[in-house]
Amino acid sequence: MNKIIRVLVPSGVLGLGFDPKALADAVALKPDVICIDGGSTDSGPNSLGTSTSKYSRAVCLREWRQLMRARAQLDVPLIIGSAGTCGTDDMVDWMFDITREIAAGEERQGNRPLKVARLYTEQDNTIVACAFAQQRIKPLEPQLPLDADTIDSCEHIVALAGAEQIQAALATGADIIIAGRTTDTAVVSALPLMRRCHAGAAWHAAKIAECGALCSTHPTSGVIIVDIDQSGFTIYPTAAGARCTPQSVSAHMLYENTDPFILYEPGGHLDVRHTHYEAQGDAQVRVTGSQWVPTSPYTLKLEGARLVGYQTILLALLRHPHYVTHAKAWVNRLTGFLKREISVSLELPEDRYEIEFRLIGVDATLGKLETRSAEGVETGVLVIVTASSQAEADEIGKLINPFLLHYPLTDEEPLPTFAFPYSPAQTSRGPLFGFCLNHVLQLDDPMSAVRLEVTTL
Amino acid sequence: MKVIDVVSSVRSKNAGPFWVTIDIFCGSVPAFNRIVAGLTTRQVGDALGQPEAAVKRFDIASLHVVKFSVHRPVVQGHPADRDLHGAQWAVLIEELVLPDQQ
């Protein structure tokens, strides 16, 4: 029997939106599971450092309600991975809170209770330090230096769960699974693998579908369907006019992946070197030949963010042609002057803070790598102050403020006054976080690093 | 002639916080052959401020794609990071000059 598991992925991430008509059309195809990603590291370390969602709660709630209704209509599992962007325990609870709020406002179908499984994947620093001491933490490329102090200094550490942990949540019979940090693909591959679909096909389908309709000709429509069986998978979008082509599907394997043929996951890797892509009808692509290669020991990738300082920023605008032409020379002169002022007035040595000037309109985006130069109408001056406390960063910002407004290029010219776009010109940015782990955690039991809690609403 | 005059598009993007990956979508066999023959790994390394040996290169004939992956010079979100998503680096590759065809 060639059993097909049909997976509905409504969007690349909860909070980004999807075409409601395309979702309704996908629901009419009676998928076996609805899967969506809730986050990634894509926006930087702030989400993990602060344990907050980068997306609006109201937007997530509105979209999650639509997905919960689709789930109720189909009576199939609904899975979200990497809840609340970073997938910390707080964010699993945040998503659970949203789920509870929606459930309380919905009419129950036949009074059937709603079973919600929470999969927590945040790691205790002490336990990670212990694993490090036991040499169960291994570096990935590029290797970051790691020691017990670095682990101890992390605000949050999460492990990226794989298919095994999601399957354990599915095995509880949960209607909704809210998972902490997971790999993008694990939420999609878990059920097809559990139902004994072709492993290479399940993982490859998951990689192609994880960004929703990004693998189609209409990326913003969101909704994608994958049918996974014992020999391969078929993928297609449901939005009007959208198509998957062998090109759009195969090209997605390149996306956010350093190697176009290999994808590492907990428990093994996907190899698509011998994969065959074939158009099927007008809008579908059939994919066969992908291989899953199991590896041991079993590992989960870790992500950690720690506090690295506090920032205050300032913005000024140069419009006068004399200063636009000589912006770099002006910054050099101003920097030297400010360092002396900070040393004298604030009594701060140079190694206690950093001041960086980025000239918007010159090379703010690429810095030393910039190859072009052309004089613009105006130049933005973004000043970034990084210090070891917010009070210090703010003091430095306030010291810089009047000179950023008035500092002359030479002593022999009238005092200039530049444009400040708002008052005050300096803004406290708060704590700054940095990623400090690029490692995997070796485990004998895949479930030993995660916690599962089941609640009936 | 520049890379962008020959190919359909160039995309760069973080592949996690520690890598940037650049995909050159050539769009045709002649464009793919032109890039494979004319764009050196060293040129790409120089444009990105990386030694040639640090640049991973994949010439993917079936997709008409040439892909490069490099370590980020600073980890994503580091105070010196100027482009959190690494997406503007594509421009550096688009503007590389190809040698004249024989």
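Residues numbered from 1 in each chain as written. Chains lettered and ligands numbered in written order. Predicted model: local features only at pLDDT ≥ 70, side-chain atom pairs only at ≥ 80, totals over all residues. Heavy atoms only, no water.

**Q** Could you clarify how one ought to interpret the interface of chain A and chain B in this entry?
**A** One frequently used descriptor of interface size is the decrease in accessible area upon assembly of the parts. Contacts between the two partners involve 36 residues from chain A, matched on the other side by 35 residues from chain B. Roughly 3100 Å² of surface becomes buried between chain A and chain B when both sides are summed, with 61% attributable to carbon and sulfur atoms. Among the residues chain A hides against chain B, the three largest losses belong to L254, T258 and L369 of chain A. Together they make up 21% of the total. Where chain A meets chain B, there are four salt bridges. Here R82 of chain B ties to E356 of chain A by a salt bridge, and the two come within 3.3 Å at their closest N and O atoms. (Contact = heavy atoms within 4.5 Å. Buried area = accessible area lost by both parts, 1.4 Å probe. Salt bridge = Lys/Arg side-chain N within 4 Å of Asp/Glu carboxyl O.)

**Q** Explain the nonpolar core to me, please; I cannot follow it from the model alone.
**A** The nonpolar side chains of soluble globular proteins are, as a tendency, buried together. All names here are of chain A. The biggest cluster of nonpolar side chains holds 49 residues, and the ones touching the most others in it are W64, M95 and I178. The set of elements that each furnish at least two residues to this core consists of α1 (20-28), β2 (33-39), α3 (57-74), β3 (78-85), α4 (89-105), β4 (115-120) and β8 (176-179). No other element matches α4, which puts eight residues into this core. Core analysis: the next-biggest nonpolar cluster, separate from the first, contains 45 residues, A174, W203, A206 and I224 among them. (Core = buried A, V, L, I, M, F, W, Y, C linked by side-chain atoms within 4.5 Å. Buried < 20%, exposed > 50% of the residue type's maximum accessible area, 1.4 Å probe, protein only. Helix = DSSP H or I, 4+ residues; strand = E, 2+ residues; numbered from the N terminus.)

**Q** Can you help me understand the sheet that holds strand β1 (residues 5-9) of chain A in this one?
**A** All names here are of chain A. What the ten strands build is an open sheet, ordered β13-β14-β10-β9-β1-β2-β3-β8-β4-β21; its pairing is mixed. The sheet terminates laterally at β13 (276-280) and β21 (451-456), the two strands that pair on one side only. The mean angle between the axes of side-by-side strands here comes to 20 degrees, regardless of whether they run parallel or antiparallel. In terms of strand pairing, β4 meets β21 through six bridges, oriented antiparallel. Its bridge partner being in β21, V116 is matched across the sheet by T455. Sitting on the sheet, α3 is in contact with β2, β3 and β8, with an inclination near 160 degrees to β2. Sitting on the sheet, helix α7 (residues 163-170) is in contact with β3, β4, β8 and β21, with an inclination near 145 degrees to β8. (Pairing = 2+ DSSP bridges. Axes fitted to C-alpha atoms, helices over the stretch in contact; angles between N-to-C directions.)

**Q** How should I be thinking about the domain arrangement of chain A in this particular structure?
**A** Here chain A is described as being made up of domain 1 (5-304 + 438-456) and domain 2 (320-418). Its C-alpha centre places domain 1 of chain A at a distance of 44 Å from the equivalent point of domain 2 of chain A. (Domains from an automatic or database assignment.)

**Q** Can you help me understand the packing of aromatic side chains in this one?
**A** Ring pairs (aromatic) are described by centroid distance and by the angle formed between their planes. Residue and element names in this part refer to chain A. By the definition in use, this model includes six aromatic pairs over all chains. Arranged with centres 5.0 Å apart and planes meeting at 65 degrees, the rings of W330 and F418 form a pair that is edge-to-face. Note that W330 is positioned in helix α12 (residues 327-346) and F418 in the loop between α13 (390-406) and β19 (426-435), a separation of 88 residues in sequence. Classification of W330 by relative accessible area gives buried; the value is 0%. (Phe/Tyr/Trp six-rings, centres within 6.5 Å; stacked < 30°, edge-to-face > 60°.)

**Q** Would you take a moment to explain the sheet that holds strand β1 (residues 9-14) of chain B for this structure?
**A** Hydrogen bonds between backbone groups are what pair the strands of a sheet, and the pairing can be parallel or antiparallel. All names here are of chain B. Spatially, the four strands line up as an open sheet ordered β1-β2-β4-β3, and their pairing is antiparallel. Of all the strands in the sheet, just β1 and β3 (56-60) have a single pairing partner and so form its edges. On average, each strand axis in the sheet is inclined to that of its neighbour by 15 degrees, with strand direction left out of account. As defined by bridge partners, β1 adjoins strand β2 (residues 19-25) across six bridges and the pair is classed as antiparallel. Bridge pairing in β2 links N14 to V20. Lying over the sheet, helix α2 (residues 29-38) contacts β2, β3 and β4 (65-71), oriented at roughly 150 degrees with respect to β3.

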